[in-house]
Amino acid sequence: MIDREVLKEARSKNRFLAMAWIDYRKAYDMVPHSWILEALQLVKVAKNVSKLVRESMENWKTVLTANGETLGEVKIRRGIFQGDSLSPLLFIVAMLPLTTILRREKTLGYQFGREKKLINHLLFMDDLKLFAKNKVQLERLVSIVHGFSRDIGMEFGLDKCAMLVIERGVKVSDDCEGIGLPDGQMIKTVDEDGYKYLGVLEGAGIKTREMKELVRREYYRRVKLVAGSKLYARNLMDAVNVWAVSVVRYTAGILEWTSGELRAMDVKTRKILTMNGVFHRQSSKDRLYMKRKVGGRGLISVEQCVKTEEASLCEYVRASEEWMLKVVAEELDNEESKAEYITRVEKERAERLKEKKLIPIF
């Protein structure tokens, strides 16, 4: 959401904006244990917790086997485990010093919002995005990140790194060579296909049209697979809600969906269900989207899903004390709360269903 507002502001106010996307090579596998323990001390984690982590690390090992024969044990001296609930927390702690260092750079970054506050990075796990007002500043920020990464023993995944300089919403072609690193390697300029940051394609702006098409295609693919399965009614609807609708839910508040686009997706969803014998074309579409406890079938409408998530995000942003989210809140125009929206939609569906005449089928 902040990402979208920064790009929108730079485009509307004809400003220069330089960006770099930094990705670490095998981030989870490469983070050194020694640095994790050092970072735990820097953030003043309780001694008993640090001791537990340190002593656990000493016993981390894996067993190598081939053709059913055990070849031996290998002690794990760096990296953390994928899928482990503690590992994300350890990785965040290991990256906290980097975000602290970047925050201290008071002259490097992009001035965002009415108060012109400085923003120079967004960091989510190992996905880092840097902001600057020109390429020179961006090179300095990249140098800081590269130096920190080298010191703690981590490396850039250069094939997943990119940079871009834009002016008035258009890519500046003079900066197409990229940014050189101290070790002689280079971060290249993002290509015309854009860069996927946290699952969303970006370039000089968020590639809304391309992203919408990707989301629609994946959503319909999943609906077709579930509708063609042999699941019973309730399980089938639950599968669509969890596996298919979640694809669209993720984009709520990021992509600017219109009501017409969302309704069209709901219409095609009903067509797919009808073609697979899951939904009769003369059945009530309102009942299809009502909860099972009130006599409905429990399918989540794509339109309602996105509108609900947007209302929820608006409430969260307005209640936040984070200055960046406060800037975003100034641009919001959604006055209806999540609870009010859900209540209104459910009431309207129930009223339409009551007014519907029963048609006997012989």
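Look up: the structure comes first, before these words.
What counts as what
- Residues numbered from 1 in each chain as written.
- Predicted model: local features only at pLDDT ≥ 70, side-chain atom pairs only at ≥ 80, totals over all residues.
- Heavy atoms only, no water.
- Helix = DSSP H or I, 4+ residues; strand = E, 2+ residues; numbered from the N terminus.
- Buried < 20%, exposed > 50% of the residue type's maximum accessible area, 1.4 Å probe, protein only.
- Contact = heavy atoms within 4.5 Å.
- Expected span 1.5 Å × (residues − 1).
- Axes fitted to C-alpha atoms, helices over the stretch in contact; angles between N-to-C directions.
- Parallel < 35°, antiparallel > 145°, perpendicular 65-115°, else oblique.
- Nonpolar A, V, L, I, M, F, W, Y, C, P; charged D, E, K, R; others polar.
- Phe/Tyr/Trp six-rings, centres within 6.5 Å; stacked < 30°, edge-to-face > 60°.
- Salt bridge = Lys/Arg side-chain N within 4 Å of Asp/Glu carboxyl O.
- Patch = residues over 30% accessible without salt bridge, like charges linked within 9 Å, V, L, I, M, F, W, Y side chains within 5 Å.
- Areas by Shrake-Rupley, 256 points an atom, 1.4 Å probe, with all protein chains shown as cover.
- Lys, Arg positive; Asp, Glu negative; His and termini not counted.
- Pairing = 2+ DSSP bridges.
- Arc of directions from axis to C-beta.
- Left-handed = near helix turned anticlockwise from the far one by under 90°.

Draft legend 1. Structural detail: the overall build of the chain. Of regular secondary structure, the chain possesses 13 helices and 13 strands. Counting every position in the chain, which comprises 362 residues, the buried fraction comes to 45%. Within the chain, contacts between residues separated by at least 24 positions form 66% of all contacts whose residues are at least 6 apart in sequence.

Draft legend 2. Geometry of helix α11 (residues 302-319). Look at α11: 26 Å from first C-alpha to last across 18 residues, which is about the 26 Å you get at 1.5 Å a residue. Residues of α11 that are buried: Val302, Glu303, Gln304, Cys305, Val306, Thr308, Glu310, Ala311, Cys314 and Val317. In the core, the buried residues of α11 are packed alongside α7 (208-227), α8 (233-249), α9 (259-275), α12 (323-329) and α13 (338-355).

Draft legend 3. Spatial organisation of the packing of helix α3 (residues 33-42) against helix α5 (residues 87-103). Across the interface, α3 lies against α5 with an axial gap of 9 Å and an inter-helix angle of 70 degrees. The orientation of α3 with respect to α5, classified from their angle, is roughly perpendicular. Note on element contacts: α5 touches α3 through Leu90, Val93, Ala94 and Pro97, opposite Trp35, Ile36, Ala39, Leu40 and Leu42. In terms of residue class, the contact of α3 with α5 is made up of 9 nonpolar, no polar and no charged.

Draft legend 4. Up close: the packing of aromatic side chains. Applying the stated criterion across every chain, the model contains 5 aromatic pairs. Ring centres 4.8 Å apart and planes at 65 degrees place the aromatic pair Trp60 and Phe81 in the edge-to-face group. You can see Trp60 sitting in the loop between α4 (47-57) and β2 (61-66) and its partner Phe81 sitting in the loop between β3 (69-75) and α5, a full 21 residues away along the chain. Pairing Tyr219 with Tyr220 gives two aromatic rings, centres 5.6 Å apart and planes at 55 degrees, and the pair type is tilted.

Draft legend 5. Layout of the pattern of salt bridges. Applying the stated criterion across every chain, the model contains 15 salt bridges. For Arg150, the salt bridge goes to Asp151, with nearest N and O atoms at 3.8 Å. The partner of Glu346 in a salt bridge is Lys291, and the shortest N-O contact between them spans 3.6 Å. Highlighted residues: Glu346 in helix α13 and Lys291 in the loop between α10 (285-289) and α11, separated in sequence by 55 residues.

Draft legend 6. Expanded view of a nonpolar patch on the surface. There is a patch of nonpolar side chains on the surface, built from Leu42, Val43, Leu86, Leu89, Ile92 and Leu96 and spanning about 480 Å² of accessible area. Among the elements that line the nonpolar patch, the one with the most residues is α5, at 3 residues. Its location among the elements puts Ile92 in helix α5.

Draft legend 7. Examining the side chain of Arg270 more closely. Its location among the elements puts Arg270 in helix α9. Buried within the structure, Arg270 lacks any salt-bridge partner; Asp266 is the closest side chain of opposite charge, at an N-O distance of 5.4 Å. Those residues within four positions of Arg270 in sequence are excluded, and the remaining contacts are Phe279, Lys285, Leu288 and Tyr289.

Draft legend 8. Region of interest: the pairing of strand β7 (residues 127-132). With 5 of 6 residues buried, β7 lies mostly within the body of the structure. In this structure, strand β1 (residues 16-23) lies alongside β7, joined through 6 bridges in antiparallel fashion. Note on β7: the bridge partner recorded for Trp21 is Lys129. Where strand β6 (residues 121-124) meets β7, 4 bridges bridge the pair, whose relative direction is antiparallel. Bridge assignment links Phe124 to a residue of β7, and that residue is Asp127. What sits between the antiparallel neighbours β6 and β7 is a turn of 2 residues, in which Met125 has the positive phi angle 55 degrees.

Draft legend 9. Main features of α13. If you check α13, its first and last C-alpha atoms are 26 Å apart, about what 18 residues at 1.5 Å a residue would give, namely 26 Å. Among the residues of α13, those classed as buried are Tyr341, Val345 and Arg349. Relative to the axis of α13, the buried residues are bounded by an arc of 60 degrees and lie together on one face. Opposite the buried face of α13, at more than 90 degrees from it, the exposed residues are Ala339, Thr343, Lys347, Lys354 and Glu355. Those residues of α13 that are buried lie in contact with α10 and α11.

Draft legend 10. Region of the structure containing the pairing of strand β8 (residues 162-167). In terms of burial, β8 is a largely internal element, 5 of the 6 residues being buried. With 6 bridges connecting them, β1 and β8 associate as antiparallel partners. When the bridges of β8 are listed, Ala18 appears paired with Val165.

Draft legend 11. Looking closely at the packing of α7 against α9. Orientation of α7 relative to α9, taken along the N-to-C sense of each, is 25 degrees, at an axis distance of 10 Å. With respect to α9, the axis of α7 lies roughly parallel. The interaxial crossing formed by α7 with α9 has right-handed handedness. Between α7, through Lys212, Arg216, Tyr219, Tyr220, Val223, Lys224 and Ala227, and α9, the contact on the second element is made entirely by Glu261, Ala264, Met265, Lys268, Thr269, Ile272 and Leu273. Residue composition of the contact of α7 with α9, grouped by class: 8 nonpolar, 1 polar and 5 charged.

Draft legend 12. The arrangement of unusual backbone geometry in detail. The residue Lys26 is not glycine, and still its phi comes out positive at about 45 degrees. Tracing the sequence through the fold places Lys26 in the loop between β1 and α2 (27-30). Owing to a relative accessible area of 54%, Lys26 belongs among the exposed residues under this scheme. Not every positive phi belongs to a glycine, and Lys44 is a case in point at roughly 60 degrees.

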